[in-house]
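# Summary of the model geometry
Here is what each chain is made of, one letter per residue.
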Amino acid sequence: MKKLLSLCCFILFALAATAQDEGYIMIDGLYYHYNDYAVSLCPLPDGEYYKGDIYVPDYVTVNGLQREVTSGWTRSIFHNCVELTSVSLPPTFEISHRFQNNPQLEYIHIRGEINYSNSSTGLEGINIWKVKLLVDEGKLDYYQSKSPYFLFHNIEEYNEPSAIKQAALSNKLGKVRYYNLKGQEVTSNNKGVTIIVTESGSTYKVSQK
């Protein structure tokens, strides 16, 4: 009987521990759902909407663990964000059905190389004649032949320091530190690859000329 009670207590404790590792968190002005498996960007709560220039990082730190950011299953992330002007996204982020009613959106920047395909119908909410798709240096041919991204009428390489990043740093991320690839602290004007670390633990990599 004691063994059975001990086993039940262990199971309940395990379930409670699992439940505690799931929830929502705001980091650097972005709202995420997290669990044991992933961290997904979500629409802002309380009737708020993303606006201006948004930089979605590749990773965020939740409960002391660095986790990869995805678009998850929530399709309405950027729906009705009428003041959204630009978005920089990691390659894990699916854009299909995530945009709708974004009249001020100028461009979407996808960093790196995606590892999935979407149907062309996923771009229905994006003005593919007006909105530019920006891709990393050397990725132009890849995205011009990748569905549904080849449907954008304007696809360009983006190899300059991110204007999105700079806006995000100045407006939302608070104090930041800059490092080179050797781990040495540098200034914000460092030439070459610069690692940016925010006070919340988020990290970004930019290439500056």
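Look a little higher up for the structure.
Let me begin by describing the structure that accompanies this report. For clarity, every value in this text was computed on a predicted model and none was experimentally measured.

Mapped onto the secondary structure, Arg111 falls in the loop between strand S10 (107-110) and strand S11 (132-135). Of note is the side chain of Arg111, whose polar atom sits 2.6 Å from the backbone oxygen of Val56. Once you skip the residues sitting within four places of it in the chain, Arg111 turns out to touch Tyr55, Val56, Pro57, Asp58, Ser88, Leu89, Pro90, Pro91 and Asp136.

Here we come to the pairing of strand S1 (residues 23-27). By the bridge criterion, five bridges tie S1 to strand S2 (residues 30-34) in an arrangement that is antiparallel. If you follow Tyr24 over to S2, its bridge partner there is His33. Hairpin connection, S1 to S2: the antiparallel pair is bridged by two residues, and Asp28 has positive phi, about 55 degrees.

For the coordinates displayed, the defined rule picks out four salt bridges. Between Glu113 and Lys139 there is a salt bridge, with the nearest N and O atoms lying 3.0 Å from each other. Taken together, the residues Glu113 in the loop between S10 and S11 and Lys139 in the loop between S11 and helix H2 (140-144) connect sequence positions 26 residues apart. On the accessibility criterion, Glu113 (40% relative accessible area) is partly exposed.

With that out of the way, let us pick up the sheet that holds S1. Taking strand neighbours across the sheet as the criterion, the five strands line up as S1-S2-S3-S6-S5 in an open arrangement whose pairing is mixed. Looking at the sheet topology across the chains shown, the edges are occupied by S1 and strand S5 (59-62). Averaged over all pairs of adjacent strands, the angle between their axes in this sheet comes to 40 degrees, without regard to strand direction. Direction of pairing for S5 relative to strand S6 (residues 65-70): antiparallel, over a ladder of four bridges. For Val62, the partnering residue across the bridge sits in S6 and is Leu65.

With that settled, the discussion passes to the pairing of S10. Here S10 shows two buried faces, one formed by Tyr107 and His109 and the other by Ile108 and Ile110. Relative to S11, S10 is paired through four bridges, and the arrangement is parallel. Following the sheet pairing, Ile110 is matched in S11 by Val135.

What follows deals with the environment of Arg98. Turning to its location among the elements, Arg98 is positioned in the loop between strand S8 (84-89) and strand S9 (99-100). A residue is classified by how much of its surface remains accessible, and Arg98, at 5% relative accessible area, is buried. One polar contact links the side chain of Arg98 to the main-chain carbonyl oxygen of Gly72, over a distance of 2.6 Å.

What counts and what doesn't
Residues numbered from 1 in each chain as written. Predicted model: local features only at pLDDT ≥ 70, side-chain atom pairs only at ≥ 80, totals over all residues. Heavy atoms only, no water. Helix = DSSP H or I, 4+ residues; strand = E, 2+ residues; numbered from the N terminus. Polar contact = N/O pair within 3.5 Å; in protein donor to acceptor, adjacent residues only side chain to side chain. Contact = heavy atoms within 4.5 Å. Pairing = 2+ DSSP bridges. Salt bridge = Lys/Arg side-chain N within 4 Å of Asp/Glu carboxyl O. Buried < 20%, exposed > 50% of the residue type's maximum accessible area, 1.4 Å probe, protein only. Axes fitted to C-alpha atoms, helices over the stretch in contact; angles between N-to-C directions.

These results come straight from atomic positions and should not be treated as a statement about function.
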